[in-house]
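Fold and contact review
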Amino acid sequence: MHTHNMRTLKYITVAYFVAAFLFTLYAMANFPMEKLVNLIFDDAYYYLGVAQNIAEGNGSTFGNLVETNGYQPLWLVILASIIYAFSLPKEWAFIAVPLLVILIKIVALLRLDTDKNADAVGVFFATVLIILLCPNIFSHGLETSLLLLVLPLLSRLKDYPEYFAPRICMAYAAIFIVLFLVRLDALAIAGVFGLFILAGRRKYAFTNLVLTGAVTAFGVLVYFAVNYKLFGTIVPVSGQAKAIGNKVGENLPLMLQYLIASRLAIGAFILSMIIRMGLKKESRGPMPFSRELKLTALSSIVIASYYALFSGWPLWGWYYWPIALVTYFAVAQLISLAVQLYRQSAGDWKPKLLAAGAWGFVAYLALLGVRTEMAHETNVFYSMLKKEERPNFTVMNLKLVNEFFAKAPDGVVAMGDRAGGLGFWLPERFKFFHTEGLVANKEFIAARKAGTGVEFLKQMKVKYFVVEREHLWEGKLADGREGHGIVEPVQGLSAHSGLMLICLPTDAILYTQSYDKQIRHVYDFEQVTPCPDAFQEKVAALSGSYGELRKFSLPYEYAENNKGDWTLMKFIKSNPF
């Protein structure tokens, strides 16, 4: 591919995201907030709420009730710094997130080399494709957006030279610390890199690795120490909340989900091996990006194993970031080899046919990526210009604030699943508590483990309890009134303990919303009452079986994921990310 063609493609792609940036600013001034709120995912609102409170001097809190460390640190620091530096009010703090996400994409694209070197061609197309294919990772307004900026750092992790090299050791440690601060689970990359070095048995490898490991460990320990000093726990409460009640090993189906998400990477790798066989023997050097591919693939296995063993919850799109990195390097490898093969083909049609097959796969990825990008809620053009409005919980959170809480007396609001937007958009006269515990504190985690979560909520003086479900338990309460039984949290697949069963009479309902199959109630939590044995038995029965409690509460999600019969064409047209 000629250099000027590469440069043209680069600036077309950059121009698209510049247009998205400008249109986001235009949308902020000309579209109602109900259309804008989907530009970031609900979990990004937790970051926004904490960042704004830090910027305003209120501490690391979401809802101004308890201090929390339920976030990945670097993204939180960046958001808080931007809000503080520009003194952004709530609405502009919100819009700063999608703008920042787009800027990250633009920077990631502008730094790409448009040289006709085969590896440069591979990196260029792999970067564009991974941005288009993975909006759940790079567009949701979450910390994984930063991975686009640190991707080049992974290619710098080469073997140590055969002498003691303190500067290289420090550089590698800095890379590992940055990765760790972006995503704590990215520390797995440092561990796998260490294994590679030890396996190589090169001279001075162990000495260099010890220095790199010591500096990396120091950075990690500083993070732990700061957390313990400020929050009384060394790791985020969000991860601890998801582990409560988990039976180690019961969540192993997550491993299969990671494998299914890897199918594009596996396809690219198989094609790469075929393409390599077509190269002339004298030009078959080491596979391009092979070290990066091994590093990210083994790190993905480590990370997937960790969640499968120690987390009881399902995984959302951005948790597949390791697979996105594997796919990135697999695609870069495939394209690099295809370029090499085509340049060697001369008048031979067989190598050209192999190269055409590789580019056909790349074209398939491009079509899949464009289709995903153009119909994703975080795409500002799609969200603003689509005619059909399908309500979702992000929009309903804002409506609940405007229709109910704007007129309600002050008090503490509590909600579990799908609560990020509600907690962020609440008027400042309210306080908010998250009953899943993702942005709670260590005391709530301890209370849930001890089975005293409901008593903890009472101590927090919760007045308004918001619940969104498809199914609630209905029946007679212990005092004879008609009521509902609500389990919090409900997202656990392996959750045998630490659940809160909250029972409230139907006459405690203050407000109701509904959309699709979802029902949302606002209860007067001060009317909470003891639960009947029948409700307790139902919770025990469902929580004793893997995934059954979540399936009972949110059956529509399962219907959405499994609707229609499986066909090969549906599988091909689906995006694993």
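Residues numbered from 1 in each chain as written. Predicted model: local features only at pLDDT ≥ 70, side-chain atom pairs only at ≥ 80, totals over all residues. Heavy atoms only, no water.

**Some remarks on the overall build of the protein**
The condition that has to hold: Every helix listed is a DSSP run of H or I at least four residues long, and every strand listed is a run of E at least two residues long, numbered separately from the N terminus. Radius of gyration here uses only the C-alpha atoms, and the compact-globule reference equals 2.2 Å multiplied by the residue count raised to the power 0.38. For the exposure calls, accessible area comes from a 1.4 Å probe over protein chains only, and a residue counts as buried if that area is under 20% of its type's maximum, exposed if over 50%, partly exposed in between. Any pair of residues with heavy atoms lying within 4.5 Å of one another is described as a contacting pair. Residue-level accessible areas treat just the shown protein chains as cover; the underlying method is Shrake-Rupley with a 1.4 Å probe.
Across its full length, the protein carries 26 helices and eight strands. Here the C-alpha atoms of the protein give a radius of gyration of 25 Å, agreeing with the 25 Å that 2.2 N^0.38 yields for 577 residues. For the C-alpha atoms alone, the extent of the protein along its principal axes is close to 85 × 55 × 50 Å. Counting across all 577 residues of the protein, residues that qualify as buried make up 55%. Put simply, of all contacts in the protein between residues at least 6 apart along the chain, 74% involve residues at least 24 apart. Total accessible area on the protein is roughly 24,700 Å²; 63% of this is exposed by carbon and sulfur atoms.

**Structural notes on helix H21 (residues 442-450)**
Note the following rule: Of all possible arcs, the one meant is that of the directions from the helix axis to the C-beta atoms.
The set of residues buried in H21 consists of Phe444, Ile445, Ala447 and Arg448. One side of H21 carries all its buried residues, which in axial view fall inside an arc of 160°. More than 90 degrees from the buried face of H21, the exposed residues found are Lys449 and Ala450. A positive backbone phi angle near 80° is found at Gly451, which sits one or two residues after H21.

**Quick look at the pattern of salt bridges**
Note on pairing: side chains with opposite charge can pair once their charged atoms come close. Note the threshold: Between Lys or Arg on one side and Asp or Glu on the other, a salt bridge is scored when a side-chain nitrogen of the former is within 4 Å of a carboxyl oxygen of the latter.
One pass over the structure, following the stated rule, counts 14 salt bridges. When the shortest N-O distance is used, the salt bridge between Arg418 and Asp417 registers 3.3 Å. The residues Arg418 and Asp417 share a single accessibility class, namely buried. Salt-bridge contacts for Asp479 lead to Arg481; the nearest nitrogen and oxygen are separated by 2.9 Å. Assessed through its relative accessible area of 31%, Arg481 is described here as partly exposed. Salt bridges here are not isolated pairs; linked through shared partners, they connect Asp417, Arg418, Glu468 and Arg520.

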